[in-house]
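These are the residues of each chain, in order.
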Amino acid sequence: MESDKEFNTRGGTESWPVTLDRSGRIFVPIELRRSTGWGSGTDLVIVRDNAGDFKVMSTDRFIENVQTHFSSEFGDRDLVAELIEKREQEASLEESSS
């Protein structure tokens, strides 16, 4: 059964009316599952923004978004290497003071 897809012409976004069942589940319409490649067992993430709105995305897409955010925020810095270096410096200071 195809769902009644609604179009929001502002920004070219699409929306689908859904209902939350008693168990807290939301049915994802078939055309949306097909277009995203989501199937049974697909891991999804629900993200809530500061306005309280929700977005559902695949875990892979969420990880890509986080990586893009940190890449644009920190550029080519190697944060892991910086953390290790800082911890080594702290350990060295602790050794020299004892």
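The numbering scheme is per chain: residues are counted from 1 as the chain's sequence reads. Where totals are concerned, whole chains, interfaces and linings use all residues; where local detail is concerned, this predicted model gives features only for residues with pLDDT of at least 70, and gives and counts side-chain atom pairs only at 80 or more. As a rule here, side-chain values cover all heavy atoms of the structure and leave hydrogens and water aside.

1. Let's talk about the overall build of the chain
Part 1: Each helix and strand counted, the chain has three helices and four strands in total.
Part 2: Secondary structure elements follow DSSP: runs of H or I of four or more residues count as helices, runs of E of two or more count as strands, with numbering from the N terminus. Across the chain, helices and strands are ordered from the amino to the carboxyl terminus as β-β-α-β-β-α-α.
Part 3: Only protein chains enter the accessibility calculation, which uses a 1.4 Å probe. A residue is then buried if its area is under 20% of the maximum for its type, exposed if over 50%, and partly exposed in between. Classification of the 98 residues of the chain by burial places 8% in the buried group.
Part 4: Here, residues are in contact when the closest pair of their heavy atoms is within 4.5 Å. Across the chain, the fraction of contacts at a sequence separation of at least 24, relative to all contacts at a separation of at least 6, is 13%.
Part 5: With residues, only the protein chains shown are counted as cover, and all accessible areas are computed by Shrake-Rupley using a 1.4 Å probe. In the structure as shown, the chain presents an accessible area of about 8800 Å², 50% of it carried by carbon and sulfur atoms.

2. With respect to the pairing of strand E3 (residues 44–48)
Part 1: Only strands joined by at least two bridges in the DSSP assignment are considered to pair. When E3 meets strand E4 (residues 54–58), the two strands line up antiparallel, connected through five bridges. Bridge assignment links Leu-44 to a residue of E4, and that residue is Ser-58.
Part 2: Where E3 folds back onto E4 in an antiparallel hairpin, the turn is made up of five residues, including Gly-52, whose phi is positive at roughly 90 degrees.

3. Observations regarding the layout of surface pockets
Part 1: Its boundaries defined by the atoms lining it, the largest pocket holds a volume of some 640 Å³.
Part 2: A 1.4 Å probe that fits into a set of points on a 1 Å grid over the protein atoms alone but cannot get out defines a cavity; an open set with protein on both sides within 12 Å along at least five of seven lines defines a pocket, and lining residues are those with an atom within 4 Å of a point. As for the largest pocket, its lining consists of 19 residues, and the residues nearest its centre are Glu-14, Ser-15, Trp-16, Leu-32 and Val-56.
Part 3: Contributions of two or more residues to the lining of the largest pocket are made by strand E2 (14–15), helix H1 (30–36), E3 and E4.
Part 4: Gly counts as polar in this scheme, as do all residues outside two lists: the nonpolar Ala, Val, Leu, Ile, Met, Phe, Trp, Tyr, Cys and Pro, and the charged Asp, Glu, Lys and Arg. When its residues are assigned to classes, the lining of the largest pocket shows 12 nonpolar, five polar and two charged.
Part 5: As for the second largest pocket, its lining consists of Thr-36, Trp-38, Lys-55, Val-56, Met-57, Arg-61 and Asn-65.
Part 6: Put simply, the parts of the chain that give the lining of the second largest pocket at least two residues each are E4 and helix H2 (59–74).
Part 7: Considering every element that reaches the lining of the second largest pocket, the biggest residue donor is E4, with three residues. Grid points are joined across faces, edges and corners, and a volume is the space filled by probe spheres set on the points.

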